[in-house]
Structure formats: structure tokens, C-alpha cells
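Chain and residue survey
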Amino acid sequence: MASRFVDEREINDPAELSPIEREQLRAAGRLYDGEDLDAEARLTDDDQDEAGFRGFCTLWRVADGDEVRFDAWLYQVDSGTFFRAGTAEVVAEVVQFGLECADPQVRQELGPAMVEAGILPKSDLSYPEFAELLRNQEQ
């Protein structure tokens, strides 16, 4: 079975985050802008705060059947960070809508899932490759 994005949650309230989700959000923010901010600062309701993700932050699970493989934080419209499920281990990032991943197996798992979920734009250079992998998974 192919991995799929499931259980989308819009993240606006730091009180709703588990300790590991707080750690993931902090790490994602550091990768995004270099600032080491806690969940409260990252999810501030100050619209003028450029470091804030509030209103532009979702958390997905990426699952293969019943097995959750990755936690996917997508934020600021075109960015994101993937973690091994339930950990703070970064396995991939989304940079300007595109998937950046050094591990070929993880890349081949996440790319088609991004296509299937409509997260990867058709204009991305990797889209044809991932769309073909998705078609092959569905056969």
C-alpha cells in the first residue's frame, strides 16, 4: 500500500500540541527562518509578526495503511518539514513547494503522497516523476 496524507489538523493553539509536536514545531521554525521560538511565539496571534505561523500551519500524518510513518508540518503556504512519526528526526523539507530529501527511499514515499494529496504543484520539476510513481503504486 502507498503512503497517504491523513488526519489534517490546522494548528493555531499551542495548548493543543503534545510535547513532541511542540518540539517538532520549534525545529521546523528553526529550519524555516533560523529563529529558535517556542510554540507560543510561533503561533502568536500578532498578524505583524513575520515569524508567526498562525493561520498558515497544518499538521498531517503520512501513513502507509494503518502505520503512521511521518509527521508533516506544512506552513507559510510553500514550506514544510517532515519528521519520522512521533520523533524530532527531520527526514525531509518542503522548500518553495518542492520536496527536498536526501534519502531516496523516503523521497519515493513522500513525493507520490504529496501528488496524491494535491500538495505538490504540477509546475514542480519533480511532479512528473512522482506522478508516475503514484500511477505505478495504484496498479
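Before reading further, recall that the structure is shown in the block above.
Residues numbered from 1 in each chain as written. Predicted model: local features only at pLDDT ≥ 70, side-chain atom pairs only at ≥ 80, totals over all residues. Heavy atoms only, no water.

A few points about the layout of surface pockets
Considering only enclosed or pocket space, the largest pocket measures out at about 160 Å³ in volume. Lining the largest pocket we find Glu8, Thr58, Trp60, Leu74, Tyr75, Val77, Asp78, Ser79, Val94, Phe97 and Ile119. When contributions to the lining of the largest pocket are tallied by element, the ones reaching two or more residues are strand E2 (57-64) and strand E3 (67-75). (1 Å grid on protein atoms, 1.4 Å probe; cavity = no way out; pocket = protein on both sides within 12 Å on 5 of 7 lines; lining within 4 Å. Points joined across faces, edges and corners; volume = space filled by probe spheres on them. Helix = DSSP H or I, 4+ residues; strand = E, 2+ residues; numbered from the N terminus.)

As for the pattern of salt bridges
In this structure the tally under the stated criterion is 13 salt bridges. Here Asp71 and Arg61 are joined by a salt bridge, their closest N and O atoms 2.8 Å apart. Here Asp71, found in strand E3, pairs with Arg61, found in strand E2; they are 10 residues apart in sequence, far enough to count as distant. Residues Asp71 and Arg61 agree in their burial class; the two are buried. What emerges from the salt-bridge pattern is a single network uniting Arg9, Glu21, Arg61 and Asp71. (Salt bridge = Lys/Arg side-chain N within 4 Å of Asp/Glu carboxyl O. Buried < 20%, exposed > 50% of the residue type's maximum accessible area, 1.4 Å probe, protein only.)

What to know about unusual backbone geometry
Phi is positive for Asp7, close to 55 degrees, though the residue is something other than glycine. The exposure class assigned to Asp7 is exposed, which follows from its relative accessible area of 54%. If you check the backbone angles, Gln76 has positive phi at about 50 degrees while not being a glycine. With respect to the helices and strands, the residue Gln76 is situated in the loop between E3 and strand E4 (79-84). Judged by its relative accessible area of 16%, Gln76 falls in the buried class.

Honestly, it's all geometry; don't read function into it.
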